[in-house]
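Architecture and fold: a report
Residues per chain are reported as follows:
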Amino acid sequence: DIPTIDSKSVSFFNLLEGPGGHIYCNNLSGQIYVIQNEAGTLYYQMPDSLITSNMLIRTDDEENLIFQSNKIVRLDSEKQLSVLYHSGGISDLYKSKSGTLLYFDFKHDQLVKITAKKTTVETVENDVTQGLFLMFEKNDSLYLFDKLAKKLSYIVGNKLKRIATNQDLSRVMEFKSFGD
């Protein structure tokens, strides 16, 4: 059966299994829903200042809900918001194999690493990218696919390096994960 949800909006995005095995999703009105027992109930209403059309939902390594919009914020179990990073955007918020959330801020050339305990920001030397990244890991390396430039890069130390390829990547729409 399809769950019943009473909402301000008819579209839903970012289905995610979160804490307790519950399913979460959001709409363009900033409403976060939890789906359980074949019904969706309003879990949280995002403040107007955080509502964007590019919002993503993820969980950190302790299953707190993390939202990326124009900022990256954590919603704890008491439904309190805390800002983790002030420059959100349209790049992927990727959950690594270790459970750390990763975000590459191409405007500031920073790799943001988020765990339940701390958020760290590392500057990355970047002279090859335009933005709109999708990330994945392979053989313990972090790769970034630039959807705008249709180029693949990886991070070595603190430098982003482009992978030279003669393959046409123009039809690639989305990488989500690759096995080793």
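Everything discussed here concerns the structure shown above.
Residues numbered from 1 in each chain as written. Predicted model: local features only at pLDDT ≥ 70, side-chain atom pairs only at ≥ 80, totals over all residues. Heavy atoms only, no water.

**A word on the overall build of the protein**
For the record, the criterion: Strands are runs of DSSP state E lasting at least 2 residues, helices are runs of H or I lasting at least 4, and numbering of each runs from the N terminus. Think of it in three bands: with a 1.4 Å probe and only protein chains considered, a residue is buried below 20% of the maximum accessible area for its type, exposed above 50%, and partly exposed in between. When checking whether two residues touch, look at their non-hydrogen atoms; a contact exists if any pair is within 4.5 Å. The Shrake-Rupley method, run with a 1.4 Å probe, gives the accessible areas here. Residue values count only the displayed protein chains as cover.
Looking only at helices and strands, the protein features zero helices and 17 strands. Counting over 180 residues, the protein shows a buried share of 44%. Considering only contacts within the protein whose residues lie at least 6 apart along the sequence, 37% involve residues at least 24 apart. Of the roughly 9,900 Å² that the protein leaves accessible, carbon and sulfur atoms contribute 48%.

**Topic: the sheet that holds strand β14 (residues 133–138)**
Under the convention used in this document: Strand pairing is defined by DSSP finding a minimum of two bridges between the two strands. Angles here are taken between N-to-C directions and fall from 0 to 180 degrees, while the axes themselves are lines fitted to C-alpha atoms, restricted in helices to the stretch in contact.
Read from one edge to the other, the open sheet built from four strands follows the order β14-β15-β16-β17, with strand pairing classed as antiparallel. The outermost strands of the open sheet, each flanked by one partner alone, are β14 and β17 (159–162). Within the sheet, the average angular offset between the axes of one strand and its neighbour, ignoring direction, is 30 degrees. Bridge analysis of strand β16 (residues 151–156) against β17 gives four bridges, and the strand direction is antiparallel. Counted as the bridge partner of Ser153 is Arg162 from β17.

**Quick word on the packing of aromatic side chains**
Counted only if it meets this: Aromatic pairing here means that ring centres of Phe, Tyr or Trp (its six-membered ring) are within 6.5 Å. Orientation follows from the plane angle: under 30 degrees is stacked, over 60 is edge-to-face, and everything else is tilted.
Inspection of every chain in the model, using the stated rule, returns five aromatic pairs. Ring centres 5.3 Å apart and planes at 80 degrees place the aromatic pair Tyr24 and Tyr43 in the edge-to-face group. Pair noted here: Tyr24 is in strand β3 (residues 23–26) and Tyr43 is in strand β5 (residues 39–45), with a separation of 19 residues, a long-range link. Here Tyr24 matches Tyr43 in class, with each residue buried. Ring centres of Tyr143 and Tyr154 lie 5.9 Å apart, and the angle between their planes is 40 degrees; this geometry places the pair in the tilted category. On the criterion of sequence distance, the pair formed by Tyr143 in strand β15 (residues 141–146) and Tyr154 in strand β16 is long-range, its members being eleven residues apart. Take Tyr143: its relative accessible area is 17%, and that puts it in the buried class. Put simply, the rings of Phe136, Tyr143 and Tyr154 pair up and form one aromatic cluster.

**Describing the sheet that holds strand β7 (residues 65–68)**
Pairing is antiparallel across the open sheet formed by four strands, whose spatial order is β6-β7-β8-β9. With one partner strand each, in any of the chains shown, β6 (56–59) and β9 (81–85) form the two edges of the open sheet. For this sheet, the mean angle separating the axes of adjacent strands, direction not counted, is 30 degrees. As defined by bridge partners, β6 adjoins β7 across four bridges and the pair is classed as antiparallel. Bridging from a neighbouring strand, Leu56 pairs with Gln68 of β7.

**Describing the nonpolar core**
Stated precisely, the cut-off is as follows: Nonpolar cores were defined as sets of buried Ala, Val, Leu, Ile, Met, Phe, Trp, Tyr and Cys residues, with membership established by side-chain atoms within 4.5 Å.
By size, the foremost hydrophobic cluster in this structure holds 14 residues, and its most contacted members are Ile32, Tyr43, Met46, Leu65 and Phe67. Within the residue set of this core, elements represented by two or more residues are β4 (31–36), β5, β7 and β8 (72–75). Among residues more than four places away in sequence, those in contact with Met46 are Gly30, Ile32, Ile51, Met55, Phe67 and Val73. Counting eleven residues, the second-largest nonpolar core is a separate cluster that includes Leu102, Met135, Ile155 and Leu160.

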